[in-house]
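This is what each chain is made of:
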Amino acid sequence: MAEGAAASRLWLAGLCFFLQLLTIILFAAFVRYGPEDGPDLCSPQSNCSRRDPEPGSGYPRFRDAHLQALLGFGFLLAFLGRYGPGSVATSLLVVAFAVQWALLAQGLFYFSLKGKIYVGAQSMVSADFCTAAVLISSGAVLGRVNPIQMLLMTLLEVPLFACNEFILLSLLGISDSGGSLTIHTFGAYFGLMVSRALRQPRADEREEQQGAGRSPDVFAALGTLYLWIFWPSFASATTAREGAEPWAVLNVYFSLAASTLAAFVFSPILYEEGTLQAARIQDAALVGVAVMGMAGEMLLTPFGALMAGFLASHLSLLGSRFLSPILRSRLRIQDTCGVHNVHGLPGVLGTLVGTLLAGLATADAYGGRLERVFPLVAQGSRTASGQAWWQLCALPVTLILAALGGSLTGALLGIRVLRSDPKSPETESKVLREVPEDGLDPGASHEEHPCLTAPTPR
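Remember, predicted model here, so these are calculated numbers, not experimental data.

1. A word on the sheet that holds strand β2 (residues 112-113)
Backbone-to-backbone hydrogen bonds join strands into a sheet, with any given pair of strands oriented parallel or antiparallel.
So, step 1. Pairing in this open sheet of three strands is mixed, and the strands run β1-β3-β2 from one edge to the other. Sheet topology places β1 (31-33) and β2 at the edges, where each strand pairs with a single neighbour.
So, step 2. In this sheet, strand β3 (residues 116-119) lies alongside β1 in parallel orientation, the contact comprising three bridges. Pairing of Y33 across the sheet is with V119, part of β3.

2. Considering the packing of helix α4 (residues 121-141) against helix α6 (residues 180-198)
So, step 1. Interaxial distance between α4 and α6 falls to 7 Å at its minimum, and their mutual angle equals 35°. At the point where α4 passes α6, the crossing takes the right-handed sense. Contacts from F129, A132, A133, I136, S137, A140 and V141 in α4 reach T182, I183, H184, G187, A188, F190, G191, L192, V194, S195 and L198 in α6.

3. Side note on helix α5 (residues 147-171)
So, step 1. If you check α5, its first and last C-alpha atoms are 35 Å apart, about what 25 residues at 1.5 Å a residue would give, namely 36 Å.
So, step 2. Along α5, the sharpest change in direction is near 25° and occurs at E157; proline P159 comes one to four residues later.
So, step 3. The element α5 is largely enclosed, with a buried count of 19 among its 25 residues.
So, step 4. In this structure N146 caps α5, since a side-chain oxygen of it lies 3.1 Å from the backbone nitrogen of I148.
So, step 5. Where α5 terminates, the next one or two residues include G173, which has phi positive at roughly 70°.

4. Considerations on the side chain of T398
So, step 1. Among the secondary structure elements, T398 is positioned in helix α16 (residues 384-413).
So, step 2. Residue contacts for T398: discarding those within four places in its chain leaves N164, L168, L181, T185 and F186.

5. Here we look at a nonpolar patch on the surface
So, step 1. Together, L156, L412, I415 and V417 line one region of the surface with nonpolar side chains, adding up to about 330 Å² of accessible area.
So, step 2. Tracing the chain through its elements places V417 in the loop between α16 and α17 (427-430).

6. A look at the environment of V342
So, step 1. Within the element layout of this structure, V342 appears in helix α12 (residues 339-359).
So, step 2. C-alpha separation for the pair V342 and S316, spaced 26 residues apart in sequence, amounts to 6.1 Å.
So, step 3. Leave out the neighbours within four places in its chain, and V342 touches D283, L286, V287, A290 and S316.

7. Observations concerning the packing of α12 against α16
So, step 1. Between α12 and α16, the shortest axis-to-axis distance is 7 Å and the interhelical angle comes to 165°. The orientation of α12 relative to α16 falls into the category roughly antiparallel. For the pair α12 and α16, the crossing hand works out as right-handed. In this structure, α12 contributes V348, T351, L352, T355, A358 and G359 to the contact, and α16 contributes A384, Q387, A388, Q391, L392 and L395.

Calculation notes
Residues numbered from 1 in each chain as written. Predicted model: local features only at pLDDT ≥ 70, side-chain atom pairs only at ≥ 80, totals over all residues. Heavy atoms only, no water. Pairing = 2+ DSSP bridges. Helix = DSSP H or I, 4+ residues; strand = E, 2+ residues; numbered from the N terminus. Axes fitted to C-alpha atoms, helices over the stretch in contact; angles between N-to-C directions. Left-handed = near helix turned anticlockwise from the far one by under 90°. Contact = heavy atoms within 4.5 Å. Expected span 1.5 Å × (residues − 1). Bend = angle between axes of the 7 residues up to and from the residue. Buried < 20%, exposed > 50% of the residue type's maximum accessible area, 1.4 Å probe, protein only. Polar contact = N/O pair within 3.5 Å; in protein donor to acceptor, adjacent residues only side chain to side chain. Patch = residues over 30% accessible without salt bridge, like charges linked within 9 Å, V, L, I, M, F, W, Y side chains within 5 Å. Areas by Shrake-Rupley, 256 points an atom, 1.4 Å probe, with all protein chains shown as cover. Salt bridge = Lys/Arg side-chain N within 4 Å of Asp/Glu carboxyl O. Parallel < 35°, antiparallel > 145°, perpendicular 65-115°, else oblique.

Right under this line is the structure:
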C-alpha cells in the first residue's frame, strides 16, 4: 500500500512537471500584459460581459473572486474526515493549474489580439470563474479520484467550459453575469457525468470508507462565513457597470438571507435530527447565490430576490431528501458533496427566473440600464421575447455539452492505469497525505464517521 502511494506521488510529480512546462512554453509564446480596456480585447459581441470599462476596479474584483474560489470552494472539498487535509491540498493543486489553463483557453475567445493573449485583473476574474466550475465538478467525485485524475479532469474541463461560455455569452448573446448556467449548472452536471462514468462495482464499500470526521462542521462554518462575505462581490464581478452592479450585490445578499432562513424552516420537517447541521446551512447559502447568478442584475425589486432564494432553498432540500437516493440507486451517480442539489437544481431554477425576467424587460422598467443588461434588446436587434427564448435555449446547450464532456472525461479517467485499487480507497488521500494504517483519523470514533449514504450527502 505504501509502495502504491509512493508510485502515485512519482506519477503526480511527473504530470505536474509536464503540465507546468507546457503552460510556461505557451505563456512565453502567446501571453502578454496589456490594457484591458482596449476595444479589441474582448468578444466582438456588444453584450460581452468580460469587458471592464473601469480599469481601476479590476484588482478588487479579482481579489474577491480569487478569495471566494480558493477559500469558499476549498472548504467545500474538505468535507470528508479521511480525505479532508488531502482534499485541501488537491483543491490548491486544481486552482494552481486551472487558473493558468483557463487564461489560455478563455484568452483565445476574449482577450486575444494579433496572435497574442493579453492578461490582466479582469481576465483573472474570468479564470477564477472557470476555476469555480472545476471545483464544483470536483465535489461530485471527491474521495473517489486521485490527484492525477483530478488534474486530468481539469485539463479537459477547462477548454470545454471556455467553449460553452463563448457559445452562450457571445454567439447566443445571453446574459449570465453571475454564472447560473456557465458556472453552477455546467460544473454540476459535468461532475455528475464524470461520477457516473467512474462508478465501480464496489462503490458501496467505498462509500462506507468516506465518512466525515470531526472537522467538517468547522470547515462548513468557516466556508459559510466566506460565502456571506465574498460571494456578492464574486457574483457581480462581471456585471454591467454604471449603477447596475448594486442590483447584483444586493440581490445576492437578499437571496442569501432568504435561502439560509428557509433551511431553518424546512429542514426540521424533512429530517429527523433536531439539530441543524452547519453543512446544511452552508448548502442553503450556496443555493441562494446559485439561483441569483443569471437574475442578479435583472431583478428590479428586492422581494424577487427574497422569493427566489426562499424557493431555491426548498428545492435543494427536497432534492437532497428525495432525488439523491434516486441518483444513487437508479442512475448510479454517487454525488459526494451533493452538487446536484446545491449547484445543479438552483442553477436551472436561476436560468428559468432569468428567462422570465428577460421576457419582461422594457426600456421603461430598466431605463438606461437596459443597454448594459440586454444590449441587443436596447439596440432593437432583438425583442424581449426573443431574448427570453435565447436565454432558455442556452439551458439545453449547456446540459448537452456538460453531459457529453463529462461522460467522455469520466471514460478516460476510468482506464485501469489511472484508477486506484478499489480495495484501498485511502490511496487517493495517501498520495498527498499519510493516513494511519486503519484508514481512520486518530482519535475519531466510529460514530464520528457517518456513511455518505445518509439522506444529506455533501
